[in-house]
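Fold and contact review
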Amino acid sequence: MVTRLTDLFGLKYPIIQAPMAGVSTPALAAAVSNAGGLGSVALGALTPAAAARALKEIFALTSGPVVANLFVHRAPRVDAQLARPFLTEIAPAFESVKAQAPESVREIYPSFNDDDDMLEILLDLQPTAVSLHFGTATASRMRAFKQAGIMVLATATSVAEALALEETGVDFLVMQSYGAGGHSGAFLGPPDLATAGGAGLSKLVRDTVAAVELPVVAAGGLMTGRDVADVIAAGATGAQMGTAFIACPESLASDRYCELLLSGAPTRLTSNISGRPARSLVNELLLWADGLAADPPDYPLCYDAVKQLVAAKQNADFSVMWAGEGANMSRRLPARELLTVLAAELADA
Ligand SMILES: Cc1cc2nc3c(=O)[nH]c(=O)nc-3n(C[C@H](O)[C@H](O)[C@H](O)COP(=O)(O)O)c2cc1C
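This section reports on the structure supplied with the text. (Residues numbered from 1 in each chain as written. Predicted model: local features only at pLDDT ≥ 70, side-chain atom pairs only at ≥ 80, totals over all residues. Heavy atoms only, no water.)

1. Structural notes on the state of the cysteines
Short version of the rule: In plain terms, two cysteine sulfur atoms within 2.5 Å form what is called a disulfide here. A simple rule labels every residue: compare its accessible area, found with a 1.4 Å probe on the protein chains alone, to the largest value its type can have, and call it buried under 20%, exposed over 50%, or partly exposed in between.
Counted by the stated rule, this structure contains zero disulfides. Distance from the sulfur of Cys 248, which forms no disulfide, to the nearest cysteine sulfur (Cys 258) is 9.0 Å. In this structure Cys 258 comes out as buried when scored by relative accessible area, which is 4%.

As structure tokens, this is what we get:
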């Protein structure tokens, strides 16, 4: 199948393995790129030095195309007063395991827009493309990518966000639905419930294709080749799939995470784990987070506090397990085999 995506990146299949901070690995991305898809490395939560190591690792494993993923969130309000009610509410959970509750919140990683060292590493190591989550990059960063011949993908969740990103000079839009696993990329308001489900995502793709010139990649709840065919029929140039790859042996997902995924556990959105809306499997962490009443501190400050609690608890089910609405369709296959199965299903469809 030839689309603008396969054409520009030299792919066999119009399938991008989504970047998944904490779950995807250079080995997973390389396996996907080597099998004819497009692998992504998640750099958003890494230091520049760790990002350089991850990029060097993937370049050693594949000569195929590689996408480097970055977070471009707005700088959080680091304000002890604002965070106090949340920290007070979660303190007993720390005390229950005799751990020290945090008294302040920290910015565990900066936005790429504030990280000049990360820019330098990207310009030096030259991934085929970068993908942006939570908005867009500054004009000077966009110019630097253009000059270096690095293509730019960016996530949007509505036509308004797609138009805003188009203005800033991105090359591909990743239209992400309400059903997507992990963080919603929404940056002009909350994620739109109307985009949930296969029909919701197809409508989002159709509406976006009608409004913008840019090629559109669809993301959210896509688990089979049939799902990929549906979004391409709606006008997408390809599909970005995250949850479908979580149970691959090349991922970092724990046994409990895979077990819950394959057991058909439901998923739900919450802002109380990281400070931004994100879709998670319903596990002990999600149920605890759902019960909190205080406003969470801004992303990623809230995530810092909750990750400290996760580390203190040492309970396999009290752990971050992002997943999309198609989680129950997961398959535990090596990435190369999964891509072969997806390609056969896509050809059939
Ligand atoms: C475990 C997990 C981690 C994710 N981490 C990132 C990330 O680091 N950067 C990013 O741009 N998107 C991230 N996403 C969102 C994906 O890019 C994509 O929108 C989503 O996986 C699509 O929905 P699906 O999971 O139902 O396929 C993550 C998704 C999951 C499931």
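Next comes the rest of the write-up.
2. What about the sheet that holds strand E11 (residues 278–281)?
Where we set the bar: Strands pair, by our definition, only if DSSP identifies at least two bridges between them. Helix and strand labels come from DSSP, where a helix needs a run of H or I of at least four residues and a strand needs a run of E of at least two; each type is numbered from the N terminus.
Read from one edge to the other, the open sheet built from three strands follows the order E7-E11-E10, with strand pairing classed as antiparallel. Looking at strand neighbours, the two that pair on one side only are strand E7 (182–183) and strand E10 (267–270), the edges of this open sheet. Where E7 and E11 come together, two bridges link them in antiparallel fashion. By the bridge assignment, His 183 is partnered in E11 with Ala 278.

3. As for helix H10 (residues 255–262)
The condition that has to hold: This arc describes the spread of directions from the helix axis toward the C-beta atoms. We call two residues contacting when some pair of their heavy atoms lies within 4.5 Å.
Buried within H10 are the following residues: Tyr 257, Cys 258, Leu 260 and Leu 261. The buried residues of H10 all sit within an arc of 165° when viewed along its axis, so they share a single face. Those residues of H10 hidden inside the fold are in contact with E11. In the stretch just after H10, Gly 264 is the one whose phi turns positive, near 80°.

4. Regarding the nonpolar core
Which entries qualify depends on this criterion: To define a nonpolar core, start from buried Ala, Val, Leu, Ile, Met, Phe, Trp, Tyr and Cys residues and group those joined through side-chain atoms within 4.5 Å.
Membership of the largest hydrophobic core comes to 108 residues, with the highest contact counts inside it found for Leu 43, Leu 122 and Phe 245. Setting aside residues no more than four positions away along its own chain, Leu 122 makes contact with Leu 43, Leu 55, Ala 68, Leu 70, Phe 112, Pro 127, Val 130, Phe 145 and Ile 150. Core analysis: the next-biggest nonpolar cluster, separate from the first, contains 13 residues, Leu 5, Phe 9, Ile 16 and Val 67 among them.

5. A few points about the environment of Leu 5
Among the secondary structure elements, Leu 5 is positioned in helix H1 (residues 4–9). Taking the C-alpha atoms as reference points, Leu 5 and Thr 237, separated by 232 residues in sequence, lie 5.8 Å from one another. Ignoring anything within four residues of it in the chain, the contact list for Leu 5 reads Leu 11, Pro 14, Ile 15, Ile 16, Leu 38, Phe 172, Val 217, Thr 237 and Gly 238.

6. Quick word on the packing of helix H4 (residues 80–95) against helix H12 (residues 301–313)
Applicable threshold: Angles here are taken between N-to-C directions and fall from 0 to 180 degrees, while the axes themselves are lines fitted to C-alpha atoms, restricted in helices to the stretch in contact. Convention used here: angles under 35 degrees read as roughly parallel, angles over 145 as roughly antiparallel, angles from 65 to 115 as roughly perpendicular, and any remaining angle as oblique.
Viewed as axis vectors pointing N to C, H4 and H12 meet at an angle of 5°, and their least axial separation amounts to 10 Å. Taken together, the axes of H4 and H12 lie roughly parallel to each other. Along its contact with H4, which presents Phe 86, Leu 87, Ile 90, Ala 93 and Phe 94, the element H12 presents Cys 302, Ala 305, Val 306, Gln 308, Leu 309 and Lys 313.

7. Remarks on the layout of surface pockets
How we decide: Computed over the protein atoms alone on a 1 Å grid, cavities are sets of points where a 1.4 Å probe fits but cannot get out and pockets are open sets with protein on both sides within 12 Å along at least five of seven lines; a residue lines them when it has an atom within 4 Å of a point. Grid points are joined across faces, edges and corners, and a volume is the space filled by probe spheres set on the points. Any residue that is not Ala, Val, Leu, Ile, Met, Phe, Trp, Tyr, Cys, Pro, Asp, Glu, Lys or Arg is counted as polar, Gly included; the first ten are nonpolar and the last four charged.
Counted as a void, the largest pocket has a volume near 1000 Å³. For the largest pocket, the lining is made up of 49 residues, of which Pro 19, Met 20, Ala 21, Gly 22 and Trp 322 are closest to its centre. Elements with a contribution of two residues or more to the lining of the largest pocket: strand E2 (39–42), strand E3 (66–71), strand E4 (129–133), strand E5 (151–156), strand E6 (172–176), E7, strand E9 (238–241) and H12. A per-class count over the lining of the largest pocket returns 30 nonpolar, 18 polar and one charged. Approximately 420 Å³ is the volume found for the second largest pocket. Around the second largest pocket sit 20 residues that line it, and His 73, Arg 74, Ala 186, Phe 187 and Arg 276 are the ones nearest its centre. Of the residues belonging to the lining of the second largest pocket, the class tally is eleven nonpolar, five polar and four charged.

8. So, the site of the ligand
Rules: We define proximity as follows: a residue is near a molecule or strand when any one of its heavy atoms falls within 4 Å of that partner. Think of a polar contact as two N or O atoms within 3.5 Å of one another; within protein, one of them needs to be a possible hydrogen donor and the other a possible acceptor, and neighboring residues in sequence only count if both atoms come from side chains. For every accessible area listed, the method is Shrake-Rupley and the probe measures 1.4 Å; residues are considered covered only by the protein chains on display. Here the criterion for a molecule occupying a pocket or cavity is that more than half of its atoms lie within 2 Å of the pocket grid points.
Lining the immediate environment of the ligand, one finds 22 residues, of which Pro 19, Asn 69, Gly 221, Gly 242 and Thr 243 sit closest. Backbone polar atom of Gly 181 to an oxygen atom of the ligand: 3.2 Å apart, as the coordinates give it. In isolation the ligand exposes 590 Å². Once the protein is present, 98% of that is buried. Here the ligand is seated within the largest pocket. Broken down by secondary-structure element, the contributors of at least two residues to the shell around the ligand are E3 and E9.

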